[in-house]
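Geometric and topological summary
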Amino acid sequence: MCQAHRQQYGFDAISAMPTNLFGPNDNFDPEKSHVLPGMISEAIRICVNNDLREKNDIEIVVWGTGTPSREFLHCDALADAALFFMQNYSDPSHIKVGSGKEITMKQLAELVKEMVGFEGEIQYDPSKPDGTMKKLLDSSKLVAMGWDPKIKFKEDLVDAYQRYLDNFEVEDFLTCSD
Ligand code: GDP
């Protein structure tokens, strides 16, 4: 559509394709969210219930085998890239926006575990889908243009977590003991 508007009306539209995004106002519903907010809310739910019920045999269950890898980009970095494009890019071909770094779901689970302060075990549930084994965009065009993604994944992860905790209600995470 951007290409058609550009061709027909001379409208300076560009099309940017981001990688997997995360950040504030994400969907944290455990059943319908993507992996990063899903893991965070699951870890919080387990910590809350463990603290209140003094269970020791707790574990966090991660979907799939833990072997697929994904590339993540904080939504603020995408906003930064969008501004960069408006100032520096005007071309019909679409442009990919990624961090250039990938992480396995197992590594992600370990990071979330450490960040949330969860001390139980991580279990993998292979009955849940792994999905695509690898998703890594080729963002070389963007990097060659001089955009610096300023990727600091751990800090970005903590930022998303902290901003989520700002709106966190303990009651939302209590599960029935029966
Ligand atoms: P997509 O596969 O890139 O569209 O995105 P998802 O975020 O839904 O899934 C990415 C990977 O995380 C897949 O390999 C899932 O099996 C894995 N995964 C592990 N735990 C979870 C979880 O709690 N929720 C979701 N959605 N995916 C999970």
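Criteria and thresholds
- Residues numbered from 1 in each chain as written.
- Predicted model: local features only at pLDDT ≥ 70, side-chain atom pairs only at ≥ 80, totals over all residues.
- Heavy atoms only, no water.
- Helix = DSSP H or I, 4+ residues; strand = E, 2+ residues; numbered from the N terminus.
- Expected span 1.5 Å × (residues − 1).
- Buried < 20%, exposed > 50% of the residue type's maximum accessible area, 1.4 Å probe, protein only.
- Arc of directions from axis to C-beta.
- Contact = heavy atoms within 4.5 Å.
- Near = heavy atom within 4 Å.
- Polar contact = N/O pair within 3.5 Å; in protein donor to acceptor, adjacent residues only side chain to side chain.
- Areas by Shrake-Rupley, 256 points an atom, 1.4 Å probe, with all protein chains shown as cover.
- 1 Å grid on protein atoms, 1.4 Å probe; cavity = no way out; pocket = protein on both sides within 12 Å on 5 of 7 lines; lining within 4 Å.
- Sits in = over half its atoms within 2 Å of the grid points.
- Nonpolar A, V, L, I, M, F, W, Y, C, P; charged D, E, K, R; others polar.

**Things to note about helix H3 (residues 75–88)**
Every α-helical turn comprises 3.6 residues, leaving residues that sit three or four positions apart pointing alike. Across its 14 residues, H3 extends 20 Å between first and last C-alpha, which sits within 8% of the 20 Å expected from 1.5 Å per residue. Among all positions of H3, only Ala77, Ala81, Phe84 and Phe85 are buried. The buried side chains of H3 occupy one side of the element, clustering within an arc of 100° when seen end-on. In H3, those exposed residues whose orientation departs by more than 90 degrees from the buried face are Met86 and Gln87. In the core, the buried residues of H3 are packed alongside strand S1 (16–18), strand S4 (69–74), strand S5 (95–97) and helix H5 (140–144).

**Quick notes on the site of the ligand**
Near the ligand the following residues occur: Asn20, Ser33, His34, Val35, Val62, Trp63, Pro68, Arg70, Met105, Pro129, Asp130 and Lys135. Interatomic distance of 3.2 Å between a side-chain N/O atom of Asn20 and an oxygen atom of the ligand. At a separation of 3.1 Å, a nitrogen atom of the ligand approaches a polar backbone atom of Trp63. Protein contacts shield 87% of the accessible area of the ligand, which totals 540 Å² for the unbound molecule. Among the detected pockets, the ligand sits in the largest pocket. Looking at side-chain class alone, the shell around the ligand contains 6 nonpolar, 3 polar and 3 charged residues.

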